[in-house]
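Chains, contacts and geometry: an overview
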Amino acid sequence: MQKVDSLVSARWVIPVEPEGTTLSHHTVAIRDGRIIDCLPTAQAEQQYQADRHQQLATHALIPGLVNAHTHNAMSLMRGLADDLPLMTWLQDHIWPAEGKHVSADFVHDGAELAMAEMLRGGTTCFSDMYFFPEVTGRLADRVGMRAVLGMIVIDMPTPYGSGPEDYLDKGLALHDAWRNHPHISTVFAPHAPYTVSPQWLERIRVLADQLDTRIHMHVHETAGEVMESVATTGQRPLERLDRLGLLNPSLIAVHMTQLNSDELDRIAETGVHVVHCPESNLKLASGFCPVHEMQHRGINVAIGTDGAASNNDLDLLGEVRTAALLAKAASGNAAALPAHRALRMATLDGARALGLDEEIGSLTPGKYADLCAIDLSGLESEPLYNPVSQLVYTSQRDKVSHVWVAGRLLLNERRLTTLDEADILARTRAWQARIAPEAPHD
Ligand SMILES: CSC[C@H]1O[C@@H](n2cnc3c(O)ncnc32)[C@H](O)[C@@H]1O
Ligand SMILES: [Zn+2]
């Protein structure tokens, strides 16, 4: 008998890699936070002795979900400004509210609300672009979530900094602070081609090369963004980024709803990663990311929720379903995004975009034990011909029962083990009363 820290046995194990695999009655063996084996349960019981053995008789065990683009603290602005197009939403509502309310405390309380929601929905890893990322980093460390912190840059002053130079100084300090941390890393996060001047984008490219760090940016989110760029510079934003040397495998381009076929070819050729945020794009009427055309060309496409102020939730399982359905509708092809591939986008492809695919994204021995268990019992899941079909097209996030990050149990029978739900709720309501005193509250 070999000694391990824990065993997790499930009715189904969906390792994501090899693609299309569904294992019945399998067990994941965990030691020092990493998966050391994935084998039939009867065999695991002969081979391994564990301190803890979690039996999940009616569940599917999948890799933890990777939310490849979010703005955590914006959860405090959920529902503050709905049913508006992007630029009206941003310029007339969100930026003024951020100018008034954003602070280290706001980011702490908003990020805590976001992390609680994400864990309860099966997300174990997020890539965040927001002010005061050092606050989000300390919180993720305490909570135990895997986090990629954006070193944000934007031309305008905000409550977080006076301008690009200040943001970069703060970002570099952040990078130093989290270097070599087992579950927290950093990425440059210039807001968008329309809010960060070319000289700062060039500087970011040089720094990203030197530090071997990725660049995460909103790109081609709306037709208006592209038209405005053509009107003022004579070039589409992607063309400008290409001339600045930013189109390469370090770039994580978020949204990408407006692309011609030459641009799709160029993205494929340069190895740019894309993050698809279908629900934010739908709600802000931004357009459709051509996921099928991208994947057909070999472009890596991850999935993100964007912030809860535009989505309006951080439900990655729901986002996977929307992505799968939208890809079919947008391409007129029911096979455009099958269930297994959609699940891979929210796990392994997300990890690839963030440069973490050696560590997470599939239930492969050697990777961290970032896991999510979803209960497939109950009449809403029956009959059950295909567990992956059920996960993608049928299940809701309230069926997520357990979540582990690096083998540590962060959600146990739907209860958060490192966060206090009542306290989060009380502070969220206090923020609501401050942000919109006229809105209904207790
Ligand atoms: C520099 S911190 C992030 C910045 O981005 C804003 N934001 C949130 N969602 C979107 C979006 O979909 N497109 C563009 N900008 C967005 C957020 O409010 C912060 O100001
Ligand atoms: Zn965004």
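Analysis parameters
Residues numbered from 1 in each chain as written. Chains lettered and ligands numbered in written order. Predicted model: local features only at pLDDT ≥ 70, side-chain atom pairs only at ≥ 80, totals over all residues. UniProt positions renumbered as here; feature names shortened; annotations may be inferred. Helix = DSSP H or I, 4+ residues; strand = E, 2+ residues; numbered from the N terminus. Rg over C-alpha atoms; globule rule 2.2 N^0.38 Å. Buried ≥ 20, exposed ≤ 12 C-beta atoms within 10 Å, placed from the backbone. Contact = placed C-beta atoms within 7 Å. Domains from an automatic or database assignment. Nonpolar A, V, L, I, M, F, W, Y, C, P; charged D, E, K, R; others polar. Pairing = 2+ DSSP bridges. Near = placed C-beta within 6 Å. Axes fitted to C-alpha atoms, helices over the stretch in contact; angles between N-to-C directions. Parallel < 35°, antiparallel > 145°, perpendicular 65-115°, else oblique. Left-handed = near helix turned anticlockwise from the far one by under 90°. Core = buried A, V, L, I, M, F, W, Y, C linked by C-beta atoms within 7 Å. Expected span 1.5 Å × (residues − 1). Arc of directions from axis to C-beta.

By the naming in an unreviewed UniProt entry, the protein goes by 5-methylthioadenosine/S-adenosylhomocysteine deaminase and is assigned to Alkalispirillum mobile. Regarding the protein, the UniProt comment filed under Function (unreviewed entry) reads as follows: "Catalyzes the deamination of 5-methylthioadenosine and S-adenosyl-L-homocysteine into 5-methylthioinosine and S-inosyl-L-homocysteine, respectively. Is also able to deaminate adenosine."

So, on to the overall build of the protein. On a plain count of helices and strands, the protein comes out with 16 helices and 16 strands. A globule of 442 residues ought to have a C-alpha radius of gyration of about 22 Å, and the protein, at 21 Å, matches this closely. Expressed as lengths along the three principal axes of its C-alpha atoms, the size of the protein is roughly 70 × 50 × 45 Å. Taken over 442 residues, the protein has a buried fraction of 52%. Sequence separation of 24 or more characterises 73% of the internal contacts of the protein that already satisfy a separation of 6 or more.

The next point concerns the domain arrangement of the protein. When the domains of the protein are assigned, the result is domain 1 (2–63 + 361–406) and domain 2 (65–353). Here the C-alpha centroids of domain 1 and domain 2 sit 29 Å apart. Every contact between the two is made by 22 residues of domain 1 and, on the other side, 29 residues of domain 2. When residues of the side of domain 1 that touches domain 2 are traced back to their parent elements, those giving at least two are β4 (48–63), β13 (371–375), α15 (387–393) and β14 (400–405). Looking at the side of domain 1 that touches domain 2, the element that brings in the most residues is α15, giving five residues. The class makeup of the residues in the side of domain 1 that touches domain 2 is 13 nonpolar, five polar and four charged.

Residue position: Leu139 is located in helix α4 (residues 133–143). Separated by 87 residues in the primary sequence, Leu139 and Val226 place their C-alpha atoms 37 Å from one another. Look past the residues within four positions of Leu139 in its chain and what remains in contact with it is His108, Ala111, Glu112 and Met115.

Attention now goes to the sheet that holds strand β1 (residues 2–13). Taken in spatial order, the eight strands make up an open sheet running β3-β2-β1-β4-β13-β14-β15-β16, and their pairing is mixed. Across the chains shown, the open sheet's two edge strands, defined by having one partner strand only, are β3 (34–40) and β16 (415–416). Strand direction decides the pairing type here: β13 and β14, joined by four bridges, are antiparallel. By the bridge assignment for β14, Ile374 is matched with Val400.

What follows concerns the site of ligand 1. With respect to spatial proximity, 18 residues lie near ligand 1, and among them Ile94, Ile152, Ile154, His191 and His218 are the closest. Top contributing element to the shell around ligand 1 by residue count: helix α2 (residues 86–101), with four residues. Here the shell around ligand 1 is composed, by residue class, of nine nonpolar, six polar and three charged.

Our next topic: the packing of α4 against helix α5 (residues 164–178). Remark: α4 packs on α5, axes separated minimally by 10 Å, with the N-to-C direction vectors making an angle of 15°. In terms of axis orientation, α4 runs roughly parallel to α5. For α4 against α5, the interelement crossing comes out right-handed. When α4 is examined against α5, the residues Pro133, Glu134 and Gly137 are found in contact with a partner set consisting of Leu174, Ala177 and Trp178. Of the residues that constitute the contact of α4 with α5, the class distribution is four nonpolar, one polar and one charged.

Glancing now at the UniProt feature "binding site: Zn(2+)" (unreviewed entry) in the protein. The positions that UniProt labels "binding site: Zn(2+)" (unreviewed entry) are, in the present scheme, His69, His71, His218 and Asp306. A maximum C-alpha distance of 11.9 Å is found for the annotated residues, which run over 238 residues; spatially they form one tight group. Summarising the element assignment, His71 is placed in the loop between β5 (65–70) and α2. Since 27 C-beta atoms lie within 10 Å of it, His71 is described here as buried. Residue contacts for His71: discarding those within four places in its chain leaves Asp128, Met129, Tyr130, Asp306 and Gly307. Assignment of secondary structure puts Asp306 in the loop between β12 (301–303) and α12 (316–331).

Counting residues in hydrophobic clusters, the biggest one holds 136 residues, and the most contacted among them are Val28, Leu61, Met115, Val320 and Ala323. Tallying contributions element by element places helix α3 (residues 104–120) first for this core, with nine residues. What Ala323 contacts, discounting residues up to four positions off in sequence, is His276, Pro278, Val291, Ile303, Leu337, Ala342 and Met345.

Across its 14 residues, helix α6 (residues 198–211) extends 20 Å between first and last C-alpha, which sits within 8% of the 20 Å expected from 1.5 Å per residue. Listed in full, the buried residues belonging to α6 are Leu201, Ile204, Arg205 and Ala208. Down the axis, α6 shows its buried residues gathered within 105° of arc, on one side only. α6 presents Gln199, Val206 and Gln210 as exposed residues on the side facing more than 90 degrees away from its buried surface. Elements in contact with the buried residues of α6: β7 (146–153), β8 (184–190) and β9 (215–219). Among the residues trailing α6, Asp212 stands out with phi positive, at a value near 55°.

Our next topic: unusual backbone geometry. For the bond running from Glu17 to Pro18, omega is -5°, close enough to zero to count as cis. Take Pro18: it is sitting in the loop between β1 and β2 (23–31). In this structure, Asn312 follows Asn311 across a cis peptide bond, with omega equal to 15°. Positioned with a positive phi, Asp306 is a non-glycine residue whose angle comes to about 65°.

The UniProt feature table records "binding site: substrate" (unreviewed entry) at Glu98, His191, Glu221 and Asp306. Here Glu98 shows up in helix α2. Looking at Glu98, the number of C-beta atoms within 10 Å reads 21, which means it is buried. With sequence-adjacent residues up to four places away left out, Asp306 is seen in contact with His69, Thr70, His71, Cys277, Ser280 and Asn311.

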